[in-house]
Amino acid sequence: MTEIPVFNPLIEAEELESAQAALKMGWLGMGAYVGQFEDELKAFIGADDRYVAAVSTGHAALHLSLLIAGVGPDDEVITPSFNNIADFQAILATGGEPVFCDIDEQTLCIDLSKAEELITPRTKAIIVMDYDCILCDHDRVANLAKKYNIRVIHDAAHAFGSKYKGRNVGSFSDICIFSFDPVKTITCIDGGAIIVRTEEELKAIHEMRLIGMGQPTSVMYQNRRAWTYDVKRLGFRYHMANLHAAIGLAQLKKMDRISTTRRALCNQYNDLLSKIPEVRVPQTSFEEVTPFLYYIRVSENDRDDLRNHLSSVGIDTGIHWQPGHWFSLFKSCRHGDLTVTDKTGKEILSLPMNTSMSLEDGKHVAAAISDFFSKN
Ligand SMILES: *Cc1c(COP(=O)(O)O)cnc(C)c1O
């Protein structure tokens, strides 16, 4: 194992106590903690006019969101190719087809002009994803969706705790999803959430996440279950368990510290690394965001050598991501021009950045990168 990891979960006394309380409660499945986690998520986001449902993973949140958006066989869903595999697989799981769109060179979020060119009568929805610390142009997304009457799934897995033009992520999109997997900004070990506009959509999600069982949350959230109910729709075992929600609740309380620490690390990286001509840093001051990761772009000729150099001095790095259209399963999917995606996929590099990391370690990583380029 390397000495400085890319991700490092923040599991402290509060998470352990919270998990222990959930384990001792005598109700391991979905129950009171899940209801409380949803309420506190909603309060944190300030989504007064929205409905929040916790689910088992970000992937499950995406799958159910696409079903809510009415995506099914023969429908197309536009997504950036520069996105998490969970998004592509969730589209396939509905019977729909991913259509790969390019990203914007500056933001690394979907290129909305190119996306508009990909819209056909088969387009049911568009997935827009905030890549880390620079958000999509969500006002333009909403206009595009209105113009063509398509649904928007906002994958905000990287943007928990961030703001867009002063508004909290999660409070303004058509359908928004979060992931609380082991490496995300806050974790439930595994978990996800969907935020929708109507009670009707919330009810559908409640049924779909519980293999179609029409069990009212008013019963479930008292750590009880109804033994008689109807099954009216397709469902999956996608609900969240009390244990996971309890850990998420402990994490939520730390959001101030999580945001401050991550912003400081990213700002320090930007200051130190922008001095190296071979390194391209994100063009932002991280003001309204809680960064999920820290990435740089370097020439494709340097990237692997740099990774090896860092690894040899105990520094781990990551690649987020290999574009979707590079994978065998998605090779035949329809796509537009993907020039920026292809280039970015070869240049992108994630550096160590997490709430447990010290500014000293950040300086050490920056110095090792500086060393590499001064020798090459
Ligand atoms: C992590 C992630 C997902 C998937 O979430 P899981 O909880 O791991 O299933 C989806 N989209 C993005 C952008 C992610 O970063």
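As a starting point, this report considers the structure included with it. (Residues numbered from 1 in each chain as written. Predicted model: local features only at pLDDT ≥ 70, side-chain atom pairs only at ≥ 80, totals over all residues. Heavy atoms only, no water.)

So, the overall build of the protein
Applied cut-off: Secondary structure is summarised from DSSP: a helix means a run of H or I of at least four residues, a strand means a run of E of at least two, and numbering begins at the N terminus for each. Values of the radius of gyration come from C-alpha atoms, whereas the globule rule sets the reference at 2.2 Å times the count of residues to the power 0.38. Buried means the residue's accessible area, taken with a 1.4 Å probe over protein chains only, is under 20% of the maximum for its type, while exposed means over 50%, and partly exposed covers the values in between. By definition in these notes, contact holds between two residues if any of their heavy atoms fall within 4.5 Å. To measure how exposed things are, a 1.4 Å probe is used in the Shrake-Rupley method; for residues, cover is taken only from the protein chains shown. When charges are counted, Lys and Arg contribute as positive and Asp and Glu as negative, whereas His and the chain ends are disregarded. Note that the charge is assigned to NZ on lysines, CZ on arginines, CG on aspartates and CD on glutamates.
A count of helices and strands for the protein gives 13 helices and 11 strands. Against the 2.2 N^0.38 benchmark of 21 Å for 376 residues, the protein shows a C-alpha radius of gyration of 21 Å, consistent with a compact globule. By the burial criterion, 57% of the 376 residues in the protein qualify as buried. When contacts within the protein are restricted to residue pairs at least 6 apart in sequence, long-range pairs at least 24 apart make up 72% of them. Element-wise, carbon and sulfur atoms account for 50% of the exposed surface of the protein, whose accessible area totals about 15700 Å². The average position of the 38 basic charges and that of the 50 acidic charges among the side chains of the protein differ by 4 Å.

Some words on the pattern of salt bridges
The condition that has to hold: Every case where a carboxyl oxygen of Asp or Glu lies within 4 Å of a side-chain nitrogen of Lys or Arg is listed as a salt bridge.
Per the counting criterion, the structure on display carries 26 salt bridges. Between Lys254 and Glu12 there is a salt bridge whose closest N-O contact spans 2.6 Å. Taken as a pair, Lys254 in the loop between helix H9 (242-252) and helix H10 (255-273) and Glu12 in the segment before helix H1 (13-24) lie far apart in primary sequence, 242 residues in all. Its relative accessible area of 24% is what places Glu12 among the partly exposed residues. Its salt-bridge partner being Glu201, residue Arg151 comes within 3.0 Å of it at the nearest N-O pair. Residue Arg151 is located in strand S5 (residues 151-155), and its partner Glu201 is located in helix H7 (residues 199-208); the two are separated by 50 residues in the primary sequence.

Describing the nonpolar core
As a rule of thumb, soluble globular proteins bury nonpolar side chains together. Formally: What is meant by a nonpolar core is a set of buried Ala, Val, Leu, Ile, Met, Phe, Trp, Tyr and Cys residues, joined one to another through side-chain atoms within 4.5 Å.
Ranked by internal contacts, the top residues of the largest apolar core, which has 92 residues, are Phe37, Tyr131, Leu273, Tyr294, Ile296, Leu351 and Ile369. Among residues more than four places away in sequence, those in contact with Tyr294 are Asp132, Cys266, Tyr269, Asn270, Leu273, Val281, Pro282, Phe286, Leu349, Ser350, Leu351 and Met353. Ile91, Ala204, Phe236 and Tyr238 belong to the second-largest nonpolar core, a separate cluster that totals 27 residues.

What about the site of the ligand?
Cut-off, in case you're wondering: If a single non-hydrogen atom of a residue is within 4 Å of a molecule or strand, that residue counts as near it. Side-chain atoms alone can form a polar contact between residues adjacent in sequence; in general such a contact is a pair of N or O atoms within 3.5 Å, and within protein one must be able to donate a hydrogen while the other accepts it.
Taken together, the neighbourhood of the ligand is formed by 17 residues, with Gly58, Asp155, Ser179, Asp181 and Lys184 sitting nearest. Contact between the ligand and His158: an oxygen atom at 3.1 Å from a side-chain N or O atom of the residue. Note that an oxygen atom of the ligand is positioned 2.7 Å from one of the side-chain N or O atoms of Asp181. Within the complex, the protein chains bury 91% of what would otherwise be the 380 Å² of accessible surface of the ligand. Taken together, the elements giving at least two residues each to the shell around the ligand come down to helix H3 (58-68) and helix H4 (85-93). Sorting elements by how many residues they give to the shell around the ligand places H3 first, with three residues.

Comments concerning the pairing of strand S11 (residues 348-351)
When a strand is regular, its side chains alternate between the sheet's two faces. The following threshold applies: DSSP-based pairing: two strands are paired if at least 2 bridges between them are found.
Where burial is concerned, the two faces of S11 agree: the one with Ile348 and Ser350 and the one with Leu349 and Leu351 are both buried. Bridge analysis of strand S10 (residues 294-297) against S11 gives four bridges, and the strand direction is antiparallel. Bridging from a neighbouring strand, Tyr294 pairs with Leu351 of S11.

Focus on the layout of surface pockets
Rule in force here: Grid points spaced at 1 Å and placed over the protein atoms alone form the basis of the search, with a cavity being a set where a 1.4 Å probe fits but cannot get out and a pocket an open set showing protein on both sides within 12 Å along at least five of seven lines. Lining residues have an atom within 4 Å of a point. Grid points are joined across faces, edges and corners, and a volume is the space filled by probe spheres set on the points. Side-chain classes follow a simple rule in which Ala, Val, Leu, Ile, Met, Phe, Trp, Tyr, Cys and Pro form the nonpolar group, Asp, Glu, Lys and Arg form the charged group, and the remainder, Gly included, forms the polar group.
Roughly 300 Å³ of volume is contained in the largest pocket. Lining the largest pocket are 15 residues; nearest its centre among them are Ala142, Ala145, Val152, Asp174 and Arg197. Residue assignment for the lining of the largest pocket shows that the elements contributing at least two residues are helix H6 (138-148) and S5. Here the lining of the largest pocket gets six residues from one element, more than from any other, and that element is H6. Along the lines of polarity and charge, the residues of the lining of the largest pocket split into six nonpolar, three polar and six charged.

A closer look at the packing of H3 against H4
Counted only if it meets this: For every element, the axis is a line fit to its C-alpha atoms; helices are fit only across the contacting stretch, and the angle between N-to-C directions ranges from 0 to 180 degrees. Roughly parallel here means an angle under 35 degrees, roughly antiparallel means over 145, roughly perpendicular means 65 to 115, and every remaining angle is called oblique. For any helix crossing, the convention is left-handed if the near helix is rotated counterclockwise from the far helix by under a right angle, and right-handed if that rotation is clockwise.
Where H3 contacts H4, the axes come no closer than 9 Å and their chain directions differ by 40°. Overall, the two elements H3 and H4 adopt an arrangement that is oblique. For the pair H3 and H4, the sense of crossing is right-handed. The residues of H4 that touch H3, namely those facing His59, Leu62, His63 and Leu66, are Ala86, Asp87, Gln89, Ala90, Ile91 and Ala93. Counted by class, the contact of H3 with H4 contains six nonpolar, three polar and one charged residues.

Thoughts on the packing of helix H2 (residues 32-45) against H9
Interaxial distance between H2 and H9 falls to 8 Å at its minimum, and their mutual angle equals 30°. Of the two elements, H2 crosses H9, and the hand of that crossing is left-handed. Contacts from Ala32, Tyr33, Val34, Gln36, Phe37, Glu40, Leu41 and Phe44 of H2 reach H9 at Asn242, Ala245, Ala246, Gly248, Leu249 and Leu252. Its residues assigned to classes, the contact of H2 with H9 comprises 10 nonpolar, three polar and one charged.

Notes on H10
So the rule is basically this: Each residue after the first adds 1.5 Å to the expected span of a helix.
Helix length check: H10 (19 residues) gives 27 Å between terminal C-alpha atoms against 27 Å at 1.5 Å per residue, within 8%. Residues of H10 that are buried include every one of Met255, Ile258, Ser259, Arg262, Leu265, Cys266, Gln268, Tyr269, Asn270 and Leu273, and no others. Next to the buried residues of H10 lie H2, H9, S10, S11 and helix H13 (359-375).

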